[in-house]
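Residue strings, one per chain:
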Amino acid sequence: MEILRYKRIGFAAFAAILFVFPAYTLFIRRTHPSSPPPDGAAPQPAVISPKPNLIKITPSLSPIEPFQQQRDRLIAIHRPMEPLQPGDWLESHREAGQSFDKYWGTERKPRVDAHRRLLVVPIGDTDIFQLEIMQRAAEYLSANFGLPVEILDVVDVTEFPAEARRETSLGYGEQLLTRYILDHILPPRRSNDALAVLGMTTRDLWPGKGWNFVFGQASLSNRVGVWSLARYGDPSRDEATYRLALERTIKVALHETGHMIGIPHCTAYMCCMNGSNHLGETDRQPIEFCPECQAKIWWACRYDPVARLNRLAELARADGLQDAAEFWDAEAILLQENAATR
Ligand SMILES: [Zn+2]
Ligand SMILES: [Zn+2]
């Protein structure tokens with residue numbers, strides 16, 4: 001399978017997403033669906049709201065000291081960046097990475113002061129398996145960033161203009177033009193209080209002339225992004241394929257939303273914010289953020305670290321993502337033990 005690589009374009013302007021990355025709303029089952037997709041199955045608008053868990057700031061400390069302390073307690077169980085393999089992201093992209101302290105230097109004002117929710121837009125038809133994966137990914141988004149996530153109405157792609165759709169022989173059906181989605185579909189749906197509008201589609205995507213496909217693309221300055229589930233595997237095939245497609249979708253959702261709050265690619269640890277050139281690389285990367293990148297989320301979203309971990313572990317247990325659930329549990333225990341013996 002040929003994988004295209006993004007040209008490096010500047011983080012703030014028009015950052016392309018090549019991610020293979022990768023949830024349950026109030027009305028979706030927690031297990032792999034076994035019934036056939038109903039005709040015309042369509043997502044209903046839903047809101048997923050986290051409990052308010054704002055991190056407490058002690059006035060006598062510097063503003064980031066509590067975040068630094070929590071960060072340092074997690075370092076022992078995170079893996080440093082592993083040696084690169086041929087074709088990996090960092091082989092073709094020179095990136096320096098960024099510490100939490102450096103991030104704070106440019107992000108003094110928490111993002112949630114201005115924007116307090118995330119919007120997810122399903123684009124095109126889905127079957128019941130794909131729909132559940134999108135909804136489940138929305139749950140993880142809410143748990144990871146401590147923000148309400150609203151799933152908007154499905155966008156009908158049959159109304160796209162001819163130039164924004166094309167047939168290919170790549171084996172993934174009709175493709176949609178990312179530029180059209182980023183310019184004409186997502187911005188009108190972005191409310192003033194939305195941190196980001198995230199499009200998810202089961203259609204394959206292409207970014208324009210000269211490209212055969214792309215996993216996804218985003219405009220950070222416009223706070224909009226879209227990615228495709230088309231190449232994550234057919235979740236209707238069996239339990240294992242469903243779980244892999246779910247995990248990939250969660251990873252890309254968390255990663256791209258991480259970019260939306262200003263987190264660049266991580267180069268220090270194995271981390272959900274690592275760049276990725278291909279699915280194999282994504283599959284080697286963890287679903288969790290490293291201590292440096294987690295601290296950025298706590299700061300940007302004013303989110304209590306333990307509350308975050310408990311919510312994520314609960315979701316992962318329900319989805320059979322056992323390794324992820326155990327890791328999130330271990331992190332929560334580490335933070336709570338250290339807090340008790342401090
Ligand atoms: Zn990225
Ligand atoms: Zn990281």
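See the structure above.
Residues numbered from 1 in each chain as written. Chains lettered and ligands numbered in written order. Predicted model: local features only at pLDDT ≥ 70, side-chain atom pairs only at ≥ 80, totals over all residues.

A. Broad picture of the overall build of the protein. If you tally the helices and strands in the protein, you get ten helices and ten strands. Among the 342 residues that make up the protein, the fraction classed as buried is 46%. (Helix = DSSP H or I, 4+ residues; strand = E, 2+ residues; numbered from the N terminus. Buried ≥ 20, exposed ≤ 12 C-beta atoms within 10 Å, placed from the backbone.)

B. Region of interest: the packing of helix α1 (residues 65-74) against helix α8 (residues 291-301). At a minimum axis separation of 9 Å, α1 and α8 run at an interaxial angle of 150 degrees. Compared by their axis directions, α1 and α8 come out roughly antiparallel. In this structure, α1 meets α8 at a crossing whose hand is right-handed. Only Pro-291, Glu-292, Gln-294, Ala-295, Trp-298 and Trp-299 of α8 make contact with α1, whose side of the interface consists of Phe-67, Gln-70, Arg-71 and Leu-74. The class makeup of the residues in the contact of α1 with α8 is six nonpolar, two polar and two charged. (Axes fitted to C-alpha atoms, helices over the stretch in contact; angles between N-to-C directions. Parallel < 35°, antiparallel > 145°, perpendicular 65-115°, else oblique. Left-handed = near helix turned anticlockwise from the far one by under 90°. Contact = placed C-beta atoms within 7 Å. Nonpolar A, V, L, I, M, F, W, Y, C, P; charged D, E, K, R; others polar.)

C. Molecular detail of the environment of Glu-326. Following the sequence through the fold, Glu-326 ends up in helix α10 (residues 322-341). Taking the number of C-beta atoms within 10 Å as the measure of exposure, Glu-326 has 13 and is therefore partly exposed. With ten residues separating them in the primary sequence, Glu-326 and Ala-316 have C-alpha atoms 8.8 Å apart.

D. The packing of helix α4 (residues 128-145) against helix α9 (residues 305-319), seen in detail. Between α4 and α9, the shortest axis-to-axis distance is 8 Å and the interhelical angle comes to 160 degrees. The angle between α4 and α9 places the two elements in the roughly antiparallel class. Here Arg-136, Glu-139, Tyr-140, Ala-143 and Asn-144 of α4 lie close against α9, whose contacting residues are Arg-308, Arg-311, Leu-312, Leu-315 and Asp-319. Within the contact of α4 with α9, the residues separate by chemical class into four nonpolar, one polar and five charged.

E. Structural context of helix α5 (residues 178-185). Taken together, the buried positions of α5 are Thr-178, Ile-181, Leu-182 and Ile-185. End-on view of α5: buried residues confined to an arc of 120 degrees, all on one side of the axis. Packed against the buried residues of α5 are β3 (117-123), β6 (175-177), β7 (194-201), β8 (204-206), β9 (216-219) and β10 (224-228). (Arc of directions from axis to C-beta.)

F. Here's a closer look at the sheet that holds β6. Judged by pairing direction, the sheet is mixed, and its three strands sit side by side in the order β5-β6-β8 without closing on themselves. Each edge of the open sheet is held by one strand with a lone partner, namely β5 (165-166) and β8. Relative to β8, β6 runs parallel, the two being bridged by three bridges. The residue of β8 that forms the bridge with Leu-177 is Trp-206. (Pairing = 2+ DSSP bridges.)

G. Here's a closer look at the nonpolar core. Core analysis: the biggest nonpolar cluster contains 82 residues, and Leu-118, Val-120, Tyr-140, Leu-141 and Leu-198 have the highest contact counts within it. Element by element, the count of residues in this core is highest for α4, at ten residues. The residues touching Val-120, leaving out its near neighbours within four places in the chain, are Met-134, Ala-138, Val-149, Ile-151, Leu-152, Leu-198 and Met-200. (Core = buried A, V, L, I, M, F, W, Y, C linked by C-beta atoms within 7 Å.)

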